[in-house]
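The chain contents come next:
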Amino acid sequence: MRSYNLLTPLAAALFLQCCTTTTASIQRPTPTTSKAIFHPDHIRANKLTNIVGGGKSKTVEVEVGGGTASVTNEIFNLVKAIVGAGVLSLPAGIAAFGNAPSATLPANALIIIIGAFSAYGFSLIGRICAATKSSSYREAWDNTVGPSTSWITAFSSTFSCFFANLAYSMILTDTFKNLLSSAGITISREKALFGVTMVILPLCLLKDLSSLAPFSLLGIMGMIYTTVAMGLRYLGGGYAVPNGEFVKDLAAQPSFGNKGIMSVLSPSSFILISMLSTSYMAHFAAPKFYTELKNNTIERFNLVVTSSFAISIGLFCVVASLGFLTFGTASDGLILNNYSNKDTLMSLSRVAVALSIVFSYPLVFVGTREGLLDLANVSAADRT
């Protein structure tokens, strides 16, 4: 399970504690005193209220701290961090409990509900970082619970991100090896891995996530292309039994039954739920997204979170539905494996997904790197 499952309930408790501490620390000014106070109901708000003599007040705009990333840049990066190769396994999650087209309805409901909770958890982490002036999980824990157990969050985040990077490395190695093989170039997995490393290493060494925004946009476009290609093949009937253009090339024929909406009550639906518990994995980077956002008020940070998760939830629903509606119970754990190798449109999708993963890799690597630095007790000021 990812670090989010462990941290979200704790984050809620920390936030309540922080609210209590923040509220208690606010002093009431006398009517004749000029004093500036932050709005107590908006942590790090971008408006400052000046209490002046005679009970009058004036609200002025102030520049809040943060990094250099714009809202748009952060949305691109966060969507790319969320929408990785995991989305292509969701059709198999639906097939685990249902075999009728109507099974997509409760599946989409689960995708939306879990996505909404994930967005709330991501936002909550940012609020805690704002309240405690923290830039990492471990620092937030140190400032609230205490330093004696803060290694738990650092280890959890690092462990989750490390294995995500490991999975991406294996997928990229095999993908590029197969793509080169299709072009008549035969190389070993070791050489393919070395080539992949040379491509992603410069991206992983970037400290500022905002510089990845153009690459994140390219990765998002790759996933959108794949989604459109899946839609065209479903609507065009290229894989419809028995007369679809590519059906004869398939090892596993599309298959459907009568287990529809009510099949979600089966214990097998927890397979999809388990997939979704990691599909939205991006919370390891929440402190980084918050600290790097220019003028990082909670309102601006929440705009990044709601926009990014809304886009991601939409893509999840569409890809999961199209994949399942095309192949039914035959849906593979990586839905692209279901499509014919002779299907040029879907072969280009494999290239697009590979590029998408390339640009997802450094975003996950940030979580691994920051986690290791947290475990080593390296302060934010000393990180280069």
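Check the entry above for the structure.
In this report, the structure presented in the accompanying data block is examined. Here the structure is a predicted model, which is why all the values come from computation and not from measurement. (Residues numbered from 1 in each chain as written. Predicted model: local features only at pLDDT ≥ 70, side-chain atom pairs only at ≥ 80, totals over all residues. Heavy atoms only, no water.)

**Quick notes on the packing of aromatic side chains**
For the structure shown, the criterion picks out 15 aromatic pairs. A ring pair is formed by Phe-122 and Phe-289, whose centres lie 6.1 Å apart and whose planes are at 65°; its orientation type is edge-to-face. Separated by 167 residues along the polypeptide, Phe-122 in helix 4 (residues 104-132) and Phe-289 in helix 10 (residues 286-292) bring together distant segments of the chain. Taking the relative accessible area as the measure of exposure, Phe-122 reaches 0% and is therefore buried. Judged by centre distance (5.3 Å) and plane angle (85°), the ring pair of Phe-162 and Phe-163 falls under edge-to-face. Looking at Phe-163, the relative accessible area reads 40%, which means it is partly exposed. (Phe/Tyr/Trp six-rings, centres within 6.5 Å; stacked < 30°, edge-to-face > 60°. Helix = DSSP H or I, 4+ residues; strand = E, 2+ residues; numbered from the N terminus. Buried < 20%, exposed > 50% of the residue type's maximum accessible area, 1.4 Å probe, protein only.)

**Quick word on a nonpolar patch on the surface**
Residues Trp-151, Phe-155, Phe-159, Phe-162, Phe-163, Leu-166, Met-170, Leu-372 and Leu-375 make up a contiguous nonpolar surface patch of about 900 Å² in total accessible area. Elements with a contribution of two residues or more to the nonpolar patch: helix 6 (151-182) and helix 12 (344-375). It is helix 6 that contributes the most residues to the nonpolar patch, seven residues altogether. The topology assignment puts Trp-151 in helix 6. Under the relative-accessibility criterion, Trp-151 is labelled partly exposed at 47%. (Patch = residues over 30% accessible without salt bridge, like charges linked within 9 Å, V, L, I, M, F, W, Y side chains within 5 Å. Areas by Shrake-Rupley, 256 points an atom, 1.4 Å probe, with all protein chains shown as cover. Salt bridge = Lys/Arg side-chain N within 4 Å of Asp/Glu carboxyl O.)

**Topic: unusual backbone geometry**
In this model, Val-241 is joined to Pro-242 through a cis peptide bond whose omega is 10°. Mapped onto the fold, Pro-242 is located in the loop between helix 8 (213-236) and helix 9 (269-279). In this structure, Lys-133 takes a positive phi of about 55° despite not being glycine. As for its position among the elements, Lys-133 is in the loop between helix 4 and helix 5 (137-144).

**Some words on the pattern of salt bridges**
Following the criterion strictly, the structure yields three salt bridges and no others. The salt bridge involving Asp-343 is made with Arg-233; its shortest N-O contact spans 2.7 Å. Here Asp-343, found in the loop between helix 11 (298-327) and helix 12, pairs with Arg-233, found in helix 8; they are 110 residues apart in sequence, far enough to count as distant. Assessed through its relative accessible area of 19%, Arg-233 is described here as buried. Here Lys-342 makes a salt bridge to Asp-249, at a shortest N to O gap of 3.8 Å. Taken as a pair, Lys-342 in the loop between helix 11 and helix 12 and Asp-249 in the loop between helix 8 and helix 9 lie far apart in primary sequence, 93 residues in all. Lys-342 gets classed as exposed once you look at its relative accessible area, which sits at 64%.

**Points about the packing of helix 2 (residues 71-82) against helix 12**
For the pair helix 2 and helix 12, the least separation of the axes is 9 Å and the interaxial angle reads 105°. The angle between helix 2 and helix 12 falls in the class roughly perpendicular. Across the interface between the two elements, Asn-77, Lys-80 and Ala-81 of helix 2 pack against Ser-356, Phe-359, Ser-360 and Leu-363 of helix 12. In terms of residue class, the contact of helix 2 with helix 12 is made up of three nonpolar, three polar and one charged. (Axes fitted to C-alpha atoms, helices over the stretch in contact; angles between N-to-C directions. Parallel < 35°, antiparallel > 145°, perpendicular 65-115°, else oblique. Contact = heavy atoms within 4.5 Å. Nonpolar A, V, L, I, M, F, W, Y, C, P; charged D, E, K, R; others polar.)

**Side note on helix 11**
With 30 residues, helix 11 extends 43 Å from end C-alpha to end C-alpha; this agrees with the ideal 44 Å at 1.5 Å per step. Once helix 11 finishes, Gly-328 follows within two positions and takes phi at roughly 60°, a positive value. (Expected span 1.5 Å × (residues − 1).)

**Details of the packing of helix 4 against helix 9**
Between helix 4 and helix 9, the least distance of the axes is 10 Å, while the angle of their chain directions is 35°. The hand of the helix 4/helix 9 crossing is right-handed. Seen from helix 4, the contacting residues are Ala-107, Leu-110, Ile-111 and Ile-114; seen from helix 9, they are Leu-272, Ile-273 and Leu-276. (Left-handed = near helix turned anticlockwise from the far one by under 90°.)

Keep in mind these numbers describe shape, not what the thing actually does.
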